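In case you want the letters, here they are:
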Amino acid sequence: SKNDPNYYKEFRKKLNAFWKDPNATYLKIHYDGNRLTAGDDWWRGRSCVLFIFWSGVLVEIARLIPGKGNFSSGIRKLLFRMAGANIGKNVYIGKGCVLDHLMTHSITLEDNVRLDEHVYIDGHEYTTTQTIFGKTVIKKGAHLKHHAFVRTSAQIGENAIIEPHSM
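Sequence order as written defines residue numbering, which begins from 1 separately in each chain. Restriction of local features to residues with pLDDT of at least 70 applies here, the model being predicted, together with a cutoff of 80 or more for giving and counting side-chain atom pairs; totals for whole chains, interfaces and linings are based on all residues. To get the side-chain values, all heavy atoms of the structure are used, and hydrogens and water are removed first.

K.L.:
I would appreciate a short explanation of the overall build of the chain in the present structure.
P.N.:
In DSSP terms, a helix is any run of H or I states spanning at least four residues, a strand is any run of E spanning at least two, and both are numbered starting from the N terminus. When you go through the chain residue by residue, the secondary structure sums to 3 helices and 14 strands. Note on method: radius of gyration uses C-alpha positions; expected globular size equals 2.2 Å times residues raised to 0.38. A compact globule built from 167 residues would reach a C-alpha radius of gyration of about 15 Å, and the chain, at 16 Å, matches this within 12%. Viewed in the frame of its principal axes, the chain has a C-alpha envelope of about 55 × 30 × 25 Å. Here's how the labels work: a residue is buried when its accessible area is under 20% of the maximum for its type, exposed when over 50%, partly exposed in between, all with a 1.4 Å probe on protein chains only. A buried classification covers 46% of the 167 residues belonging to the chain. The criterion used for residue contact is that any of the two residues' heavy atoms lie within 4.5 Å. By sequence separation, contacts in the chain at least 24 residues apart represent 48% of the contacts at least 6 residues apart. Taken together, the 23 basic and 16 acidic charged side chains of the chain have centroids lying 4 Å from each other. Note that His is not counted, nor are the chain ends; the positive residues are Lys and Arg, and the negative ones are Asp and Glu. Here the site of a charge means atom NZ of a Lys, CZ of an Arg, CG of an Asp or CD of a Glu.

What follows is the structure in structure tokens.
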């Protein structure tokens, strides 16, 4: 069957164990023929589908807030926190930044992190062969310059500088 209920029961069990394990940084669930495609899983990654829409709306509002400076950054931080992101103290978030719409809660920005304009931080990936969930962490003092892209489950080190247009 292409929608095997046992597959999704196992999927949920693996996903719950992953979120509870503080040492796990990513979870890959490979396609095994018991589902149509990874597109079948996108809404199963969160405990409630409404969280996906809630996060998506907040992330899009944060992305669209104009202006530079601490006031605009503060509003963006508030919205990303409301979407579930873990954000430390003295974090700056530039205009146009996106923290994963679907898995915002899997992203951590530690203290003194700086995200310049249009940085994208990912918390999940779907392909036709697998689904990947990750805990993406940007450590203390890291600086991600404009248009940097951080993939699922990346761990950016303390005081690291990620250059513009890097992946």
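K.L.:
Any chance you could explain unusual backbone geometry here in plain terms?
P.N.:
Trans is the prevailing form of peptide bonds, just as negative phi is the prevailing case for residues other than glycine. Located in the positive-phi region is Asn159, a residue other than glycine, with phi close to 60°. The exposure class of Asn159 is exposed, given its relative accessible area of 56%. Although it is not a glycine, His165 sits at a positive phi angle of roughly 60°. Along the polypeptide, His165 turns up in the segment after strand S14 (161-162).

K.L.:
Please explain the confidence of the model for the chain as it appears in this structure.
P.N.:
Note: predicted coordinates in regions of low pLDDT should not be interpreted at a detailed level. Each residue gets a pLDDT score, which is the predictor's confidence in that residue and runs from 0 to 100. Here the chain averages 89 in pLDDT, and 92% of its residues register 70 or above. Within the chain, no element has a lower average pLDDT than helix H1 (residues 5-20), which sits at 86, and none a higher one than strand S11 (residues 143-144), at 98.

K.L.:
Honestly, the packing of helix H2 (residues 49-64) against helix H3 (residues 70-82) in this entry has me stumped. Any pointers?
P.N.:
For any two helices packed against each other, one specifies the crossing angle of their axes together with the interaxial distance. Contact pair H2 / H3: the axes reach a minimum separation of 8 Å and the direction vectors enclose 170°. Accordingly, the angle class assigned to the pair H2 and H3 is roughly antiparallel. Of the residues in H3, those in contact with Trp54, Leu58, Val59, Ile61 and Ala62 of H2 are Arg76, Leu79, Phe80 and Met82. Partitioned by chemical class, the residues of the contact of H2 with H3 number 8 nonpolar, no polar and 1 charged. Under this scheme, a helix contributes an axis fitted over its contacting stretch, all axes are lines through C-alpha atoms, and angles between N-to-C directions fall in the 0 to 180 degree range. Here the word oblique covers every angle except those under 35 degrees (roughly parallel), over 145 (roughly antiparallel) and from 65 to 115 (roughly perpendicular). Throughout this entry, Asp, Glu, Lys and Arg are counted as charged residues, while Ala, Val, Leu, Ile, Met, Phe, Trp, Tyr, Cys and Pro are counted as nonpolar. The remaining residues, Gly among them, count as polar.

K.L.:
Before we go on, may I ask you to explain the pairing of strand S1 (residues 26-30) in this structure?
P.N.:
A regular strand carries its side chains on alternate faces of the sheet. Side chains Leu27 and Ile29 of S1 all project onto a buried face; the interleaved residues Tyr26, Lys28 and His30 project onto a face where none is buried. Strands are treated as partners if at least two bridges between them are detected by DSSP. As defined by bridge partners, S1 adjoins strand S9 (residues 130-134) across 5 bridges and the pair is classed as antiparallel. Each residue of the ladder has a partner; that of Ile29, found in S9, is Thr131.

K.L.:
When you look at the packing of aromatic side chains in this model, what are you seeing that I'm missing?
P.N.:
What describes a pair of aromatic rings is the distance from one ring centre to the other and the angle between the planes of the rings. Aromatic contacts are taken between Phe, Tyr and Trp rings whose centres are within 6.5 Å, Trp giving its six-membered ring; a plane angle under 30 degrees counts as stacked, one over 60 as edge-to-face, and the others as tilted. Evaluation of the coordinates by the stated rule reveals 4 aromatic pairs. Here the aromatic rings of Tyr126 and Phe133 are separated by 6.2 Å at their centres, their planes lie at 90°, and the arrangement is edge-to-face. For Tyr126, a relative accessible area of 24% gives the class partly exposed. Given a relative accessible area of 0%, Phe133 falls into the buried group. Three or more aromatic residues joined by ring pairs make a cluster, and in this case those are Phe11, Tyr126 and Phe133. Geometrically, a charge over a ring is one whose NZ (Lys) or CZ (Arg) sits within 6 Å of the ring centre while staying within 35 degrees of the ring normal. The aromatic ring of Tyr92 is capped on one face by Arg114, whose charged end is 4.2 Å from the ring centroid. A cation over an aromatic ring shows up here: Lys135 above the ring of Phe18, its NZ or CZ 4.7 Å from the ring centre.

K.L.:
In this structure, what is going on with the sheet that holds strand S4 (residues 98-99)? I would like to understand it.
P.N.:
Adjacent strands of a sheet form backbone hydrogen bonds with each other and so pair up, either parallel or antiparallel. Strands sit in the order S4-S7-S12 across an open sheet of 3 strands; the sheet is parallel. Every other strand in the sheet has two partners, leaving S4 and strand S12 (149-150) as the edge strands with one partner each. Two elements, strand S7 (residues 120-121) and S12, share 2 bridges in a ladder whose sense is parallel. Counterpart to Ile121 in the pairing with S12 is Val150.

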